[in-house]
Amino acid sequence: MANGPALSTAKRGEVYVGSEFRDSLTMLDILHANQFEGERYDPELERKAEENFYRGAPPNWFNLYVSEKAASDGTATPFIKRDGYEELEEQIDLRRECPLTSTIKLLHQQRCGGTTLAMQVMWDLRKTFRCAVLTGLTSDITKITNEVVAKVANEIVQLFTAGSRNDQNTVLLLVDHREKILENLQDSIITEITKQKIDAGYPVVILLKCVRSSDEVIHQKEGSYNQKEKVTRELKKYIILEKSLSDREQADFKKKKEELGRRFGDQCEQFHGFNILQSNFSEGYIRNACATLEHIERRNRPPNTQLVALLCLLNAYVPGSYLLESQCLDFVRHEGDHNLSLEDQMQPFSHLIITFQEDGRAEKYKKVRMAHTMIAQCCTKLFAKAGVTRSKTTRNLLNYFCRDLTHTWLLDFVKDMLTKREMKKEEDQDNSTEMKKEKEKFSRLIREITEGKDNEKKEGERQSVAILELASNTFGQISNFPQALARFYYKKLQNYNLAEKWAVEALKRDPQNSIVADTLGQVHKNHLMNNEFCEPREILQLAEKAIKAFEKAEKLDENEDGPEVREQGTTDISSFYNYNGKFGYLEVCNALYDKLVNKNETWKNVLTKKVSMGSVLKTLGDNKLLRFNKLIVSLRDKVKDKCIFFEKYRTYSKPNMGKDYLEFIFKYTSECYQKYVGDIAKEQLIQMFQEGNLDDQSVEVLSFLVKQYTQSELEDVTTKFREMCLSADSETALVNNILTLFRGKMPSSKKDPPELHMFTLLWYWPVNEGQCDYDLSELAQKMLKCYENTYKKYFQNRYLLPVFFIGKGEGVKRIVHRNVIEKHLEVRPDWSDNWKKEEIFQNSDVQKLLLRLDGEVRNYKVYTRVGGREIEINANLRNSLWKKHQVTFYLGFTIRGPVAFGIQNKTADTAGLLQTM
């Protein structure tokens, strides 16, 4: 890079940027168009980089440069192109014609070359796109805030616009194993473009998500791949990299192995990274490579053997983890051997270990890890069978490397190893078969220490407790370890006193963290649920403690985005609302109800507030129960409020990605509501609608309306409904009666809930652009502000579902509820992102139901005219807003406000809906 680092332009030119530009982008590692050009490197350095890669070091851009240079010199063959290379390159190229942002996923199993393939494609496209890798992000989803995502978006836009207006070019960004923590990145990018008033002449970014998946998910994807992907459209959502090699790949790897043998001689026998892949992950090869550990002695193990055990444990349970070379040297050095290299001191195990540098860091940041995860796993088993147990090795790691810890990355590795709970089953977002998404109870290491593994002696619960307690004491300011210890005590050992002790300690260390506070509630809740023989007073004592803890967790999460928490800086603010406090409260109330009613049926009337507790103390048989009166009196109303919250949570939103796995919560809350609140006028009236002579549209609209009425209003409507059932025109009379009552609340004021604003907009939206009684633009702004005050904190980073649409009918028939469309299509409400992806609007029956409105796209916004005034409408697919044009769209309403769905060019036919990936 003699003239400095360069970025490609869309016109296949290059623009030079200074190193200060590169350094200013702290979240992105840029691959420049002229990377390494004009530079001269020592041939021995190039040879060493190649050797390290084939031994098992992670790929880097220098590896690709060396390979390309050797191929052009005729001294070696280029990198092997795995099956999927051409298809991935083609899919990326197709996305140059997509709107502002698009995504392609590369699905692969661990250590089968997925990242290498992605980087290989990016290297070959560096003069076509502005290529970069996302760096600097934690893998902890709870620490990825909206501010962090906004910063990433800002840097992507900076990279896209670098140079002059004519120098713009699409960014190809590699997102490695972090696809779930950036759900809102694409929206954030469009927001940033809009804020900067950038006229994007080309797509801004193509996100290449390199997703590590289990064998199970890969097989499911393969099953649907030929059925769906190859027949629906040219653009595919994902490319699959097979773990096993095809015949063509096997032939290429065989030739490459022969070439490496000629160039490197016997060293090739230690190219474990290459050989494991070339042998199709042969277990025989792995065992042979680890043979030096077959006869490890249990006692008198030298430091180098202990270090191998430590590295194996880390890499077996936290792939990608490492220690620094300087740390390893400090561990194995003896007096008089300070000049020996780590490789020399690690004999006869040196071939199992790889030392490498990343990110152009200084020599002192050299990293050390096992050559391959499968080698680390095999060696860990061999150590355990020899009596060098996982628990002993973990204690060794904590005692030696973590006492005076200055490296935060090592703390992150230890957190993952001891506290990260994996999913029992991975979700499949595209397969129609629903899989329950549930976490394991403990980390994989803790589970295997507790339960025993690989025919070794079972270490047991005592060792797991000892390790978590040692970690808690070693890291005196970190809440993760005492939190995990509390969970172990109450889930595995049912020792609730010690569980409470460590849960309190965790909360003391992180007092503003709602998730930590929730753990204390879980301790008391589980104590309550598993205590079969306690009396009412003890039941209430446990319930009271649990409720206080869950209410604290709920209060903390309500305030986590508040300025007082940000100023204190004591916790990382999650961009996701934590509803565990609310749900934990309902779980406690459910258990409390069942246990008390089983003791005495009188409790039914007490808990539902039909009678006061003071009036039936004699029947309950304990005068001291009166001290719980304040708690008991509060339960019914709080249960009602929390159940309504979860109903709205499900009705108005869903996860940004994949299915909603909270159906079990909604079923549970419904049962709790029935116990404490029972059937009131609202439920009775809705049931009457369903049983009466009303069509689906009327039932859905009226059901929505009655939920906004007061109890006295509902009773009045219910009475009139019964009277109208005798009338031949009962449906029309009923609708008019309810709407008349509702019109008395309109137009809405600032104090009214978003639901009332929504229906006001719906009711007064004109059939055409003619006369309108109200300024609907002003009403939409009121609704937005009301949403932000009422619901925004709960629905952050969730997709807002449409509730109503404007249809082609008249009066109430013009209002079409979401459920009517979904029932019409005979699909489940959670049907594979039907609203977010807009495939639902291609259905001809849906098109007959809904009314298309005219509008215009400009400055990344949609505008339409209503009653002589222009009103701005949000777009469901913001990718469709990147060029100024006349459009038509369906008008839907979320709890946030009006939204344009199914946007298409005004001159296009119905089949030409804009599709984005």
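Structure first, text after, so check above.
Since the structure is predicted, the reported quantities are computational estimates derived from the model, not experimental observations. Throughout, residues of each chain are indexed from 1 in the direction in which the sequence is written. Note on the predicted model: pLDDT of at least 70 is required for a residue's local features to be given, and 80 or more for side-chain atom pairs to be given and counted; whole-chain, interface and lining totals, by contrast, use all residues. No hydrogens and no water enter the side-chain calculation; it runs on all heavy atoms of the structure.

Colleague: Teacher, can you tell me more about the sheet that holds strand β11 (residues 367-370) here?
Modeller: Across a sheet, strands are paired by hydrogen bonds formed along the backbone, either parallel or antiparallel in direction. Only strands joined by at least two bridges in the DSSP assignment are considered to pair. Only runs of H or I of at least four residues qualify as helices and only runs of E of at least two qualify as strands under DSSP, and these elements are numbered from the N terminus. Taken together, three strands build an open sheet; the order of strands is β9-β11-β10 and the sheet is antiparallel. Each of the sheet's edge strands pairs with one partner strand only, and the pair in question is β9 (323-324) and β10 (353-356). By the bridge criterion, two bridges tie β9 to β11 in an arrangement that is antiparallel. Its bridge partner lying in β11, Leu324 is registered against Lys367.

Colleague: Where do I start with the environment of Ala376 in this structure?
Modeller: Structurally, the position occupied by Ala376 is in helix α15 (residues 373-385). Taking the relative accessible area as the measure of exposure, Ala376 reaches 0% and is therefore buried. Placed 57 residues apart in sequence, Ala376 and Pro319 show a C-alpha to C-alpha distance of 9.4 Å. Only heavy atoms matter for contacts: two residues are in contact if any of them lie within 4.5 Å across the pair. Every residue in contact with Ala376, bar those within four places of it in the chain, is listed here: Cys312, Asn315, Ala316 and Met370. Accessible area is worked out with a 1.4 Å probe on protein chains only. A residue is then buried under 20% of its type maximum, exposed over 50%, and partly exposed in between.

Colleague: Explain the pattern of salt bridges to me, please; I cannot follow it from the model alone.
Modeller: Opposite charge on two side chains makes pairing possible when the charged atoms of those side chains draw close. Salt bridge, as applied in this entry: a Lys or Arg side-chain nitrogen positioned within 4 Å of an Asp or Glu carboxyl oxygen. All told, the structure shown has 43 salt bridges when counted by the stated rule. Across the pair Lys642 and Glu554 runs a salt bridge, and its minimum N-O distance is 3.5 Å. Here Lys642 is found in helix α28 (residues 629-652), whereas its partner Glu554 is found in helix α23 (residues 536-559), with 88 residues between them in sequence. Owing to a relative accessible area of 14%, Glu554 belongs among the buried residues under this scheme. Counted as one network, the salt bridges with shared partners bring together Glu554, Glu558, Lys582, Lys642 and Lys793.

Colleague: Quick question: what am I supposed to make of the sheet that holds strand β6 (residues 171-176) here?
Modeller: Overall, mixed pairing links the six strands, which are arranged β3-β5-β6-β7-β4-β8 in an open sheet. Either end of the sheet is taken by a strand with one partner, and the two such strands are β3 (28-31) and β8 (238-241). When the angles between neighbouring strand axes are averaged without regard to direction, this sheet yields 20 degrees. Bridge analysis of strand β4 (residues 101-108) against strand β7 (residues 205-212) gives eight bridges, and the strand direction is parallel. Bridging from a neighbouring strand, Thr101 pairs with Val205 of β7. Axis lines are fitted to C-alpha atoms, over the contacting stretch for helices. Their N-to-C directions set the angle, which ranges from 0 to 180 degrees. Contacts from helix α4 (residues 85-94) reach β4, β6, β7 and β8 within the one sheet, and its direction differs from that of β4 by about 170 degrees. Running over the sheet, helix α7 (residues 185-196) touches β4 and β7 and is turned about 155 degrees from β4.

Colleague: Is there a simple way to explain the pairing of strand β19 (residues 885-894) in this structure?
Modeller: On a regular strand, one side chain projects to one face of the sheet and the next to the other, so that they alternate. In terms of burial, β19 is largely enclosed, as nine of its ten residues are buried. As defined by bridge partners, strand β14 (residues 804-806) adjoins β19 across two bridges and the pair is classed as antiparallel. In the strand pairing of β19, Phe804 is matched with Phe893. As defined by bridge partners, strand β16 (residues 852-858) adjoins β19 across six bridges and the pair is classed as antiparallel. By the bridge assignment, Gly855 is partnered in β19 with Val887. Once β19 ends, the chain turns through two residues before running back antiparallel as strand β20 (residues 897-905).

Colleague: Is there a simple way to think about helix α2 (residues 43-55) in this case?
Modeller: Since the α-helix advances by 3.6 residues per turn, residues separated by three or four positions end up pointing in the same direction. The end-to-end C-alpha distance of α2, which contains 13 residues, comes to 18 Å, matching closely the 18 Å that a straight helix rising 1.5 Å per residue would cover. Regarding α2, the residues found buried are Glu46, Ala49, Glu50, Glu51, Asn52, Phe53, Tyr54 and Arg55. Buried residues along α2 sit in contact with α3 (61-73), α5 (114-124), α9 (247-264), α10 (272-278) and β10. Two or three places before Glu44, at the start of α2, stands the capping residue Asp42, its side-chain oxygen 2.9 Å from that residue's backbone nitrogen. In the stretch just after α2, Gly56 is the one whose phi turns positive, near 140 degrees. Each helix should span, by expectation, one fewer than its residue count multiplied by 1.5 Å. Any pair of nitrogen or oxygen atoms within 3.5 Å is treated as a polar contact; in protein, a donor-acceptor pairing is required on top of that, and neighbouring residues in sequence qualify only through side-chain atoms on both sides.

Colleague: Is there a simple way to explain unusual backbone geometry in this structure?
Modeller: Most peptide bonds take the trans form, and the phi angle of most residues other than glycine is negative. Omega for the peptide link from Gln347 to Pro348 comes to 5 degrees, which places this bond in the cis form. Following the sequence through the fold, Pro348 ends up in the loop between α14 (342-345) and β10. Positive phi, close to 60 degrees, is recorded for Asn797, a residue that is not glycine. Along the polypeptide, Asn797 turns up in the loop between α36 (792-795) and β13 (798-800). Its identity is not glycine, yet Tyr860 carries a phi of approximately 65 degrees, on the positive side. Within the secondary structure, Tyr860 is located in the loop between β16 and β17 (861-866). Residue classification places Tyr860 among the buried positions, given a relative accessible area of 9%.

Colleague: Please explain the packing of helix α16 (residues 390-401) against helix α17 (residues 408-419) as it appears in this structure.
Modeller: Helix packing for two helices is described by the angle between their axes and how far apart those axes are. Remark: α16 packs on α17, axes separated minimally by 12 Å, with the N-to-C direction vectors making an angle of 155 degrees. In terms of orientation, α16 and α17 fall into the roughly antiparallel class. For the crossing formed where α16 meets α17, the hand is left-handed. Two secondary-structure elements touch here, α16 through Thr394, Leu397, Leu398 and Phe401 and α17 through Leu410, Val414, Met417 and Leu418. Only Asp, Glu, Lys and Arg are considered charged in this grouping, and only Ala, Val, Leu, Ile, Met, Phe, Trp, Tyr, Cys and Pro are considered nonpolar; every other residue, Gly among them, is considered polar. Of the residues belonging to the contact of α16 with α17, the class tally is seven nonpolar, one polar and no charged. Note on angle classes: values under 35 degrees are labelled roughly parallel, values over 145 roughly antiparallel, values of 65 to 115 roughly perpendicular, and the remainder oblique. In a left-handed crossing the near helix is turned counterclockwise from the far helix by less than a right angle, and in a right-handed crossing that turn is clockwise.

Colleague: Help me out: how do you make sense of the state of the cysteines in this one?
Modeller: Here, a disulfide means two cysteine sulfur atoms that sit within 2.5 Å of each other. Tallied over the full model, the rule gives zero disulfides. With no disulfide of its own, Cys312 lies closest to Cys379 among cysteine sulfurs, the gap being 4.1 Å.

Colleague: I tried to follow the packing of aromatic side chains on my own but got confused; where do I start?
Modeller: What describes a pair of aromatic rings is the distance from one ring centre to the other and the angle between the planes of the rings. Aromatic contacts are taken between Phe, Tyr and Trp rings whose centres are within 6.5 Å, Trp giving its six-membered ring; a plane angle under 30 degrees counts as stacked, one over 60 as edge-to-face, and the others as tilted. In this structure the tally under the stated criterion is 44 aromatic pairs. Between Tyr41 and Tyr65, the ring centres sit 5.8 Å apart and the planes meet at 65 degrees, which makes this aromatic pair edge-to-face. Taken as a pair, Tyr41 in the loop between β3 and α2 and Tyr65 in helix α3 lie far apart in primary sequence, 24 residues in all. Taken together, a centroid distance of 5.3 Å and an interplanar angle of 65 degrees make the contact between Phe53 and Tyr54 edge-to-face. One residue, Lys642, lies across the ring of Tyr585, its end atom 4.5 Å from the ring centre. The rule is short: NZ of Lys or CZ of Arg within 6 Å of the ring centre and within 35 degrees of the ring normal puts a charge over the ring. Positioned above the aromatic ring of Tyr863 is the side chain of Arg858, whose terminal nitrogen or guanidinium carbon lies 4.1 Å from the ring centre.

Colleague: So what exactly am I meant to see when it comes to the nonpolar core here?
Modeller: When a protein is soluble and globular, its nonpolar side chains tend to lie buried together. Ranked by internal contacts, the top residues of the largest apolar core, which has 126 residues, are Ile92, Leu208, Leu307 and Ile375. Counting residues per element, this core draws most heavily on helix α12 (residues 303-317), at ten residues. Residues in contact with Ile375, not counting those within four places in the same chain, are His272, Ile276, Ile286, Ala289, Cys290, Leu352 and Met370. To define a nonpolar core, start from buried Ala, Val, Leu, Ile, Met, Phe, Trp, Tyr and Cys residues and group those joined through side-chain atoms within 4.5 Å. Formed by 103 residues, the second largest nonpolar core is a distinct cluster that contains Ala591, Ile665, Cys672 and Tyr794.

Colleague: Is there a simple way to explain the environment of Ala162 in this structure?
Modeller: Secondary-structure assignment places Ala162 in the loop between α6 (146-161) and β6. By relative accessible area, which is 6% here, Ala162 ends up buried. Taking the C-alpha atoms as reference points, Ala162 and Val15, 147 residues apart in sequence, are found 8.3 Å from one another. With sequence-adjacent residues up to four places away left out, Ala162 is seen in contact with Leu7, Val15, Val17, Phe21, Arg130 and Asp167.

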